[in-house]
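Coordinate analysis (summary)
The residues making up each chain are set out below.
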Amino acid sequence: MKNTDVFKDFDMVVSITEKTINDQLTHLLRMGTIHPELIITQELDEETDEYKFKVYDSPDDIPRNAKGEPLSATIEVEIQPQVSISSSGKVITFILKFLAGNVWFWKGQGQKAKLVSYDAAGWQYAVTINMDLKQLQKDNLAKDIKVPGFVEDQLNKFMSNMFDVNHLFMNFQSTDLMKFDPEKTDAGKAKDQGVEQLVIFMNFYLKWLTQTGNPFILGYSITQNDQTAIPAEEKVPDSIKPTGTTYTMFHDNVHQHLSTLNFALVTKGGYGTIKSSVDNFESNWISPDDQCDAKMIYAASRFSEEFILKPLYERLRDQTYDKLKEGLTLGPKKEYSEAKQATATGYKFAISDWNIQSDIYQNSFEVKISNHPTEIHYDVKGSMFVYKSKEKNMICTARAWAETRTEWSAKFIIKVVKDKDGHPTLKFEQSCTVDKYQPESGKNTCADVWDGIGGVLSFLTSIFSFLGLNLSSLLDDIFKTQVPGLGNIAIALSNMDDSFNSAVMLPAGGVFFFKNPVADTTGNMALSLTYKTDSQVAVESRKFAQKLEALRTTRKVSLTSVS
């Protein structure tokens, strides 16, 4: 589907690159959440005469012969897990690379079979998996999934504040969700016979992970419910408060590392609940020029329209209507959706076009949406024409009239600035000028003997002066009160980082910073996100590296020296 068609059912999209996901797996590996060593044997159970697999913590624990060779088929390797988004949809390819170490596999059949040693550096095992998105409960953290301690604390904090947390993970236990990928699996010199045995070993290992704590989480989606407690300083408008999520993958066949995992979210002020799955996107939300780790995209209805276009339209419509109804015959007010019409560069709005009983009221404006370095501009051009005449039957027909033509322009800018801590934040700027204000009035000759004509003209011109003299202050006031639930648009924009950092969380924690706001001509707005690791990642990685090194120095057998 066309990418922006997603906003027919969803309000926001968070797009995360394959490279970012793999960087997260590396962080988990360095912290020991994913153990970097894989030591498995396939041993014969003499009681049942069946082979059983065993996972060991150290190569010293493996039963060996006098020559130091394992007695059973064995894998002793250092690993590097990765994922590859090889197709669009729900499927991801999980790849376990062997960086160093050895394997012993059986070669031959029956009594002639013998264990043969292979250098396993460069081997890899690949399996395609349908991803699983499930509600996270506290008992998941205790037994089903494996996460760094500081990430667990963050997740518990969300859940204690009544957020709903879903985790997107690789379900290794459900065999119908897994499919071995022969094209991406390589057993080196062991060839096809080695691949066959590797598949059996890996099938056991992946299921074993589900019993001991699955560390292969790709992300957490955090949504709000009716009981969610949010700190006052982190409040955002309902239009960007996530209340539900689903996901899809996008395969980029030109830039594989930019293939994306995409969370599609609904919000409290938007669609509210998930009503359908999200179709495959036709193109990548992220291009090489973006130079980012992820991207947050807001539907026009939840950002440009909610924050700027709709408040502008409604306040301008209501204020002018309420002023003019004292002296003009007017038709009914138009709703925002009735007045809106898309153009090649943005929108135009016909607030009114009434000609009733010689009273004329025409009011319209056009908005051009454009991108500039670190800024989005909403350039507005508006015009109003109001005319009214009064007649009185005397000896002749006395007639007086008044009219005004007003042309105005405004500029609204969303821009990135640095806050007091040097972090990026969004700022709103506005300006308005009345480019033309041309009031005119007159009367016919018969009206010269109309005693009340002066009062009539004074009344008419006083109404119309509002359209020129007070228009600028009217527009200035619009955005101080019009964001539902917050009031000032500046508050909403300053909390935008809470919008995406409280919507999606990566497996190793950390935060996103944004840059380069851009909008298309319909007003869909995107922020490029760069990832910064949690400070605890370095601490935990250093601790685990020291622990692992201490273990290795006390071993009699090392993975790389076994041959």
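These notes cover the structure that comes with them.

Okay, the overall build of the chain next. Per the secondary structure count, the chain includes 11 helices and 22 strands. The C-alpha extent of the chain, read off along each of the three principal axes, is 130 × 40 × 40 Å. Relative to its 563 residues, the chain shows a buried fraction of 51%. Expressed as a percentage of contacts within the chain between residues at least 6 apart in sequence, the contacts between residues at least 24 apart total 70%. Between the centroid of the 61 positive side chains of the chain and the centroid of its 72 negative side chains there is a distance of 2 Å.

What follows covers the sheet that holds strand β1 (residues 12–17). Across the sheet, 6 strands lie side by side as β11-β12-β1-β13-β22-β21; this open sheet has antiparallel pairing. Both edges of this open sheet fall to β11 (242–250) and β21 (511–519), since each of them pairs with a single strand only. Strand after strand, the sheet turns through a mean of 20° between neighbouring axes, direction not considered. In this sheet, strand β13 (residues 294–298) lies alongside β1 in antiparallel orientation, the contact comprising 5 bridges.

Here we come to helix α11 (residues 535–553). In this model, α11 (19 residues) spans 28 Å end to end at C-alpha, consistent with the 27 Å of a helix rising 1.5 Å per residue. Three or more residues of α11 are buried, namely V537, S541, F544 and L548. The arc that holds the buried residues of α11, viewed along the axis, is 75°, so those residues lie on one side. Relative to its buried face, α11 has exposed residues pointing more than 90 degrees away, namely S535, K543, Q546, K547 and T553.

Sheet architecture is open: 6 strands sit in the order β14-β15-β16-β17-β18-β19, paired in antiparallel fashion. Of all the strands in the sheet, the pair left with one neighbour each is β14 (340–342) and β19 (424–443). When strand polarity is set aside, the average angle formed by the axes of neighbouring strands in this sheet is 15°. Of the strand pairs in this sheet, strand β18 (residues 397–418) and β19 are connected by 19 bridges, and their pairing is antiparallel. Counted as the bridge partner of K411 is S431 from β19. Of the strands in this sheet, β14, β15 (346–356), β16 (359–372), β17 (375–393), β18 and β19 are in contact with helix α5 (residues 304–324), which crosses β16 at around 160°.

Turning our attention to the environment of Q211. Mapping Q211 onto the fold places it in helix α4 (residues 191–212). By relative accessible area, which is 60% here, Q211 ends up exposed. When the C-alpha positions of Q211 and D144 are compared, they lie 7.0 Å apart, and in sequence the two are 67 residues distant.

Analysis parameters
Residues numbered from 1 in each chain as written. Predicted model: local features only at pLDDT ≥ 70, side-chain atom pairs only at ≥ 80, totals over all residues. Heavy atoms only, no water. Helix = DSSP H or I, 4+ residues; strand = E, 2+ residues; numbered from the N terminus. Buried < 20%, exposed > 50% of the residue type's maximum accessible area, 1.4 Å probe, protein only. Contact = heavy atoms within 4.5 Å. Lys, Arg positive; Asp, Glu negative; His and termini not counted. Charge placed at Lys NZ, Arg CZ, Asp CG, Glu CD. Pairing = 2+ DSSP bridges. Axes fitted to C-alpha atoms, helices over the stretch in contact; angles between N-to-C directions. Expected span 1.5 Å × (residues − 1). Arc of directions from axis to C-beta.

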